[in-house]
Amino acid sequence: QVQLVESGGGLVQPGGSLRLSCAASGSIHSINSMGWFRQAPGKERELVAVVSGGSTMYADSVKGRFTISRDNAKNSVYLQMNSLKPEDTAVYYCNADIVHTSRSRTTYWGQGTQVTVSS
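About the criteria used
- Sequence order as written defines the numbering, with residues in each chain counted from 1.
- For this predicted model, a pLDDT threshold of at least 70 governs which residues receive local features, and a threshold of 80 or more governs which side-chain atom pairs are given and counted, while totals over whole chains, interfaces and linings are taken from all residues.
- The basis for the side-chain values is all heavy atoms of the structure; hydrogens and waters are excluded.
- To form a nonpolar core, buried Ala, Val, Leu, Ile, Met, Phe, Trp, Tyr and Cys residues must be joined to one another through side-chain atoms within 4.5 Å.
- Using a 1.4 Å probe on the protein chains alone, a residue whose accessible area is under 20% of its type maximum counts as buried, one over 50% counts as exposed, and one in between counts as partly exposed.
- Here a strand is any run of E in DSSP of at least two residues, a helix any run of H or I of at least four, and the numbering for each starts at the N terminus.
- In this analysis, rings of Phe, Tyr and Trp, with Trp reduced to its six-membered ring, are considered paired at centre separations within 6.5 Å, and the interplanar angle assigns stacked below 30 degrees, edge-to-face beyond 60, and tilted for intermediate values.
- DSSP bridges decide pairing: two strands pair if at least two such bridges lie between them.
- Between the N-to-C directions of two axes lies an angle of 0 to 180 degrees, each axis being a line fitted to C-alpha atoms and, for a helix, fitted only over the stretch in contact.
- Salt bridge criterion: a side-chain nitrogen from Lys or Arg within 4 Å of a carboxyl oxygen from Asp or Glu.

Student: Is there a simple way to think about the nonpolar core in this case?
Tutor: Most often, soluble globular proteins have nonpolar side chains that are buried together. Residues Trp36, Leu79, Met81 and Tyr92 are the most contacted members of the largest nonpolar core, which totals 32 residues. Every element with two or more residues in this core is listed here: β1 (2-7), β3 (18-26), β4 (28-39), β5 (46-52), β7 (66-71), β8 (76-81), β9 (90-100) and β11 (113-117). Residue contributions to this core peak at 5 residues, all from β9.

Student: Could you clarify how one ought to interpret the packing of aromatic side chains in this entry?
Tutor: The geometry of two aromatic rings is summed up by the distance between their centres and the angle between their planes. A complete count under the given rule lists 1 aromatic pair for this structure. Taking the centre distance of 4.9 Å and the plane angle of 65° together, the rings of Phe37 and Trp109 count as edge-to-face. Of this pair, Phe37 sits in strand β4 while Trp109 sits in strand β10 (residues 105-109); the two residues are 72 residues apart in sequence, bridging distant segments of the chain. Since its relative accessible area comes to 37%, Trp109 is described here as partly exposed.

Student: Quick question: what am I supposed to make of the sheet that holds β1 here?
Tutor: Strand pairing within a sheet occurs via backbone hydrogen bonds; the two strands may be parallel or antiparallel. Judged by pairing direction, the sheet is antiparallel, and its 4 strands sit side by side in the order β1-β3-β8-β7 without closing on themselves. Each edge of the sheet is formed by a strand with only one pairing partner; in this case those strands are β1 and β7. For this sheet, the mean inter-axis angle between neighbouring strands, taken without regard to orientation, is 15°. For β1 and β3, the ladder comprises 6 bridges, and the chain directions are antiparallel. Residue pairing across strands places Val2 opposite Gly26, the latter belonging to β3.

Student: Explain the pattern of salt bridges here, please?
Tutor: In a structure, side chains of opposite charge can pair up when their charged atoms sit close to one another. Taken as a whole and assessed by the stated rule, the structure comprises 5 salt bridges. Its salt-bridge partner being Arg38, residue Glu46 comes within 2.7 Å of it at the nearest N-O pair. Taking relative accessible area as the criterion, Glu46 reaches 37% and is therefore assigned partly exposed. Residue Arg38 pairs with Asp88 through a salt bridge whose shortest N-O separation is 3.0 Å. In this pair, Arg38 is assigned in strand β4 and Asp88 in the loop between β8 and β9, connecting sequence segments 50 residues apart. The pair formed by Arg38 and Asp88 is uniform in burial state, with each residue classed as buried.

Below is the structure:
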């Protein structure tokens, strides 16, 4: 019913920048929150950043380096990642809490996009 399509991952050197994008499409009435999670090899998936209404929240490890933003008209969320470090290497997943046109509510995940920070 709803798809989240991510883009923008890749290979970048330490200190570099990347911008991730995620667009939701389908039977959407409204979106309560959108966010980004990441999972590194051998580790659990962790919250990176989330935006809900006018509020944002960040993991301590990315504060001051990453910025999350949202375009409600496009049902999209973005993650600007600056000053990237090798420990930011992970698969990044988009997440959205969606209210359908039927008024039911479901949490969706994107397919994931690989971010690799290495020299």
